[in-house]
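Breakdown of the fold
Single-letter residue listing:
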Amino acid sequence: MLEHEALGSPDKKNTPENRQALLKILEAATGMGHFGYRLSEAADVSSMLSEIAANVEAIHPFKTMAFLLVDEESHDFVMTWCSSREEEDRITKECRQLMEDHMFSWALRRNHPTTVTSEGLGDVLLHPLQTSSGPVGMFVGVLPDDKPAEDVSYYLLSMTLVAASIAIENFFLYKQLSESNSALEEKVASRTEELSASNMQLRRTLQEKETYKQHLELLFSSMQDVMISVDPELTVQSINRAGEELFGVMQDEVVGKLLPQVMPDLALRCDEFFHDVLSYGERIVEERVELLMDSDARHIFMINCSPFESGGSGQRGAMLMLRDITRLVSLEEQLQERRSFKNIIGTSKSMLNLYSMLENLVDLDTTVLVTGESGTGKELVAEALHHNGARANGPLVRVNCSALSENLLESELFGHVRGAFTGATKDKVGRFEAAEGGTIFLDEIGDISLRIQVLLLRFLESHEFERVGDTVTRKANVRIVAATNADLQQRVAQGVFRSDLFYRLNVMNVHLPPLRERLDDMALLVQFFIDMFNDTLGVSISGVSEQAMQIFMNHPWPGNIRELKHTIEHAAILARTGRITPDHLPVQILGADPLSSSDVVRHPPYGGYTGSYGSNYSPQPLISPNAYMPASMQQVRVPCHTVTAEEVQAAIASANGNKTAAAKLLGMGRATLYRKLKELGLA
């Protein structure tokens, strides 16, 4: 693109034709910047631009004219009006090219008519549309081939477009004010819909300053939220209609009286709020309080309280606003119940089905077998069944069956009497007796011996047992919840688990899905553990980055929920504040399985070198430390002892002698490179 000055040479011949043209220009200039209508009468900006274009045409002819206005959101120049619809696409395309060539920016800096040359349009006049507030747009005019430039015409054209810029800006400001005014009127109308008799008066209050007080009184009265104002002594100054209906009082009955006298429960619950507002001028924002109304119904309110001071009388006080959110809180509680069941978290379809099953089982005494991989939270199911059922007031006794030998497990479960075996110096109560009236949780039930299986089967059928070394039959009223991560049917087929015990335990089977099958719950679980460790560790973690969440979604999670919990704890300790990123995650989460050949990648010692690596070089297998991370975040290092002198020299040459860059190419630190140079005699 070529650019040149718009102003022509001042040495023009003073011919009659030139003087006649000058008179026509001056005649057109008398109406420049004056539009034959008010801003309120303008249909749209296109009609205004059409009239501006007519004034411009009267001053100087153009083959085609266009206006590109600045978009308020993107701040880009957007084609708004063109004198030729057939040429609009071509003009738009060429203007984009002029913008890319910085012609628009150049014209804006010069801020007067500027002629540039476009390959597709020829000579083009650019004139910025600017006001004191900044650029409004750009006028683009394609100059005729045989029309010479006139200094005076460009001068008058500039004056016209400056006036047009102001008119366009005023038009948009007028439209904004009109829209704001319309929105305000709609809001006032909606607030005062019930006061149909006062609608006309309310509209007049928006237009007349002297009725402003009456407008505020009407607004205060029509608020659906309860509003009560008190002075520093807690004397009620005003109460709106919603407050009268809620507390069953009339304004005349409470105004002038102390709030603790007329509304004692409200005064008690909000005493601390009033103290902070009236003593320190603080604002209380969205605090929840629970009030007991006359009907003994529980109501929960959202409280906002602000100080106020009357400029005329100097009166001070506090304005209390109450919003009844009882129904909203009830809905929140119902939603929370569907998002979790006690400490079991999840909203996926499998978890919702699990919650429904647990709700059906909590009030029953039937035996429950909980299955699932290690770390899926089987003990939480036992806790949920116990604490939500009829046995909640009884004990919950936990036994890890795999942690004890056969003899010790028998003694732990059923107890023993003195002298039953060496070291039995006194009678001991077993876990079944200790769980009387409650629940016993038998974890890792698949690992017990066949002899213990026989004793457990008898207890399941009759709830009877004998202590070790005793002949007295005892009974225990307990509910049994068993859990295993093993395939009991397979163990039955192998002959290491009794089929009759399996069928007796498997009355109701609750299966917990592994974490990799409920990735829809990942975000919820991550946030749950972040909140937990923010409290227990005293950190301030706000969330996880997209890269870290992607790693979570791709990881197989063999340790399930337990592994995720420990991962978040590890990351929270390292991050302390802000968001968790891949840098804060344990290496086993970022890395790949060393035995998986799919994660083994072979890299040359540095990129970009295509020459010979030497006869002693063989690429080293590297385990990608970031198998689940984006490629841009991965880092590869090659063992230093495998790099040859030829490779070091090639890397330095490729980096133009820059040792730091060469070290990066070789995948080693700068200090390591210097040591390698000394070892190879290249220093």
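All of the points below concern the structure found in this document. Owing to the predicted nature of the structure, the values given are computational and were not obtained by experimental measurement.

**Comments concerning the overall build of the protein**
- The number of helices and strands found in the protein is 27 helices and 26 strands.
- Scored against the burial criterion, the 683 residues of the protein give a buried share of 41%.
- The contacts of the protein with a sequence gap of at least 6 include a subset with a gap of at least 24, amounting to 60%.
- If you sum the accessible surface of the protein, you get close to 37200 Å²; carbon and sulfur atoms cover 49% of it.

**So, the pattern of salt bridges**
- By the definition in use, this model includes 20 salt bridges.
- Two residues, Arg-398 and Glu-379, come together in a salt bridge whose shortest N-O distance is 2.5 Å. Taken as a pair, Arg-398 in strand 15 (residues 396–400) and Glu-379 in helix 15 (residues 378–387) lie far apart in primary sequence, 19 residues in all.
- Overall, Arg-398 belongs to the partly exposed group, its relative accessible area being 36%.
- Bridged by salt links that share partners, the residues Arg-458, Glu-464, Glu-466 and Lys-475 form one connected network.

**A look at the packing of aromatic side chains**
- This structure, assessed with the given rule, holds 12 aromatic pairs.
- Of the aromatic side chains, those joined through ring pairs into one cluster are Phe-62, Phe-67, Trp-81 and Phe-139.
- Over the ring of Trp-106 we find Arg-110, and its NZ or CZ is 4.8 Å from the ring centre.

**Digging into helix 3 (residues 88–100)**
- Here helix 3 contains 13 residues, and its C-alpha end-to-end distance of 18 Å stays within 8% of the 18 Å for a straight helix at 1.5 Å per residue.
- Considered for burial, the residues of helix 3 that qualify are Ile-91, Glu-94, Cys-95, Leu-98 and Met-99. Taken down its axis, helix 3 places every buried residue within 150 degrees of arc, on the same side. Turned more than 90 degrees away from the buried face of helix 3, the exposed residues are Asp-89, Lys-93 and Glu-100.
- On its buried face, helix 3 sits against strand 2 (64–70), strand 3 (77–82), helix 4 (103–110), strand 4 (114–118), strand 5 (122–131) and strand 6 (134–142).

**Quick word on a negative patch on the surface**
- Taken together, the side chains of Asp-71, Glu-72, Glu-73 and Asp-76 define an acidic patch exposed on the protein surface.
- Looking at where Glu-73 falls in the secondary structure, it is placed in the loop between strand 2 and strand 3.
- By relative accessible area, which is 75% here, Glu-73 ends up exposed.

**Description of the environment of His-299**
- Within the fold, His-299 resides in strand 10 (residues 298–309).
- Every residue in contact with His-299, bar those within four places of it in the chain, is listed here: Val-289, Glu-290, Leu-291, Met-293, Asp-324 and Thr-326.

**Quick look at the packing of helix 16 (residues 406–414) against helix 18 (residues 450–462)**
- Axis separation between helix 16 and helix 18 bottoms out at 10 Å; the angle between their running directions is 15 degrees. Taken together, the axes of helix 16 and helix 18 are roughly parallel relative to one another. Note on packing geometry: the crossing formed by helix 16 with helix 18 is right-handed. The residues of helix 18 that touch helix 16, namely those facing Glu-406, Asn-407, Leu-409, Glu-410, Leu-413 and Phe-414, are Arg-451, Ile-452, Leu-455 and Leu-456.
- Looking at the contact of helix 16 with helix 18, its residues break down into six nonpolar, one polar and three charged.

**Describing the sheet that holds strand 7 (residues 226–230)**
- If you trace the five strands from one edge of the open sheet to the other, you get 8-7-11-10-9, paired in antiparallel fashion. Looking along the sheet, the strands with just one partner apiece sit at the ends: strand 8 (236–239) and strand 9 (284–292). Here the average twist between neighbouring strands, direction ignored, is 25 degrees.
- Summarising the sheet, strand 9 and strand 10 pair through seven bridges and their orientation is antiparallel. Across the sheet, Glu-287 pairs through a bridge with Ile-303, a residue of strand 10.

**So, the side chain of Thr-235**
- Relative to the helices and strands, Thr-235 resides in the loop between strand 7 and strand 8.
- Relative accessible area serves as the criterion here: at 14%, Thr-235 is assigned to the buried category.
- Discounting chain neighbours no more than four positions away, the residues touching Thr-235 are Ser-229, Val-230, Gly-256, Lys-257 and Leu-258.

**A word on the sheet that holds strand 21 (residues 479–484)**
- A sheet is described by the order of its strands in space; here five strands give the open sequence 15-18-21-14-22, paired in parallel fashion. With one partner strand each, in any of the chains shown, strand 15 and strand 22 (508–511) form the two edges of the open sheet. Here the strands of the sheet are splayed against their neighbours by 20 degrees on average, with no regard to which way each runs.
- Bridge analysis of strand 18 (residues 439–443) against strand 21 gives four bridges, and the strand direction is parallel. Residue Thr-439 lies in a different strand from strand 21, and its bridge partner there is Arg-479.

Thresholds applied
- Residues numbered from 1 in each chain as written.
- Predicted model: local features only at pLDDT ≥ 70, side-chain atom pairs only at ≥ 80, totals over all residues.
- Heavy atoms only, no water.
- Helix = DSSP H or I, 4+ residues; strand = E, 2+ residues; numbered from the N terminus.
- Buried < 20%, exposed > 50% of the residue type's maximum accessible area, 1.4 Å probe, protein only.
- Contact = heavy atoms within 4.5 Å.
- Areas by Shrake-Rupley, 256 points an atom, 1.4 Å probe, with all protein chains shown as cover.
- Salt bridge = Lys/Arg side-chain N within 4 Å of Asp/Glu carboxyl O.
- Phe/Tyr/Trp six-rings, centres within 6.5 Å; stacked < 30°, edge-to-face > 60°.
- Lys NZ or Arg CZ within 6 Å of the ring centre and 35° of its normal.
- Expected span 1.5 Å × (residues − 1).
- Arc of directions from axis to C-beta.
- Patch = residues over 30% accessible without salt bridge, like charges linked within 9 Å, V, L, I, M, F, W, Y side chains within 5 Å.
- Lys, Arg positive; Asp, Glu negative; His and termini not counted.
- Charge placed at Lys NZ, Arg CZ, Asp CG, Glu CD.
- Axes fitted to C-alpha atoms, helices over the stretch in contact; angles between N-to-C directions.
- Parallel < 35°, antiparallel > 145°, perpendicular 65-115°, else oblique.
- Left-handed = near helix turned anticlockwise from the far one by under 90°.
- Nonpolar A, V, L, I, M, F, W, Y, C, P; charged D, E, K, R; others polar.
- Pairing = 2+ DSSP bridges.

Geometric descriptors of this kind do not, in isolation, establish any biological role.
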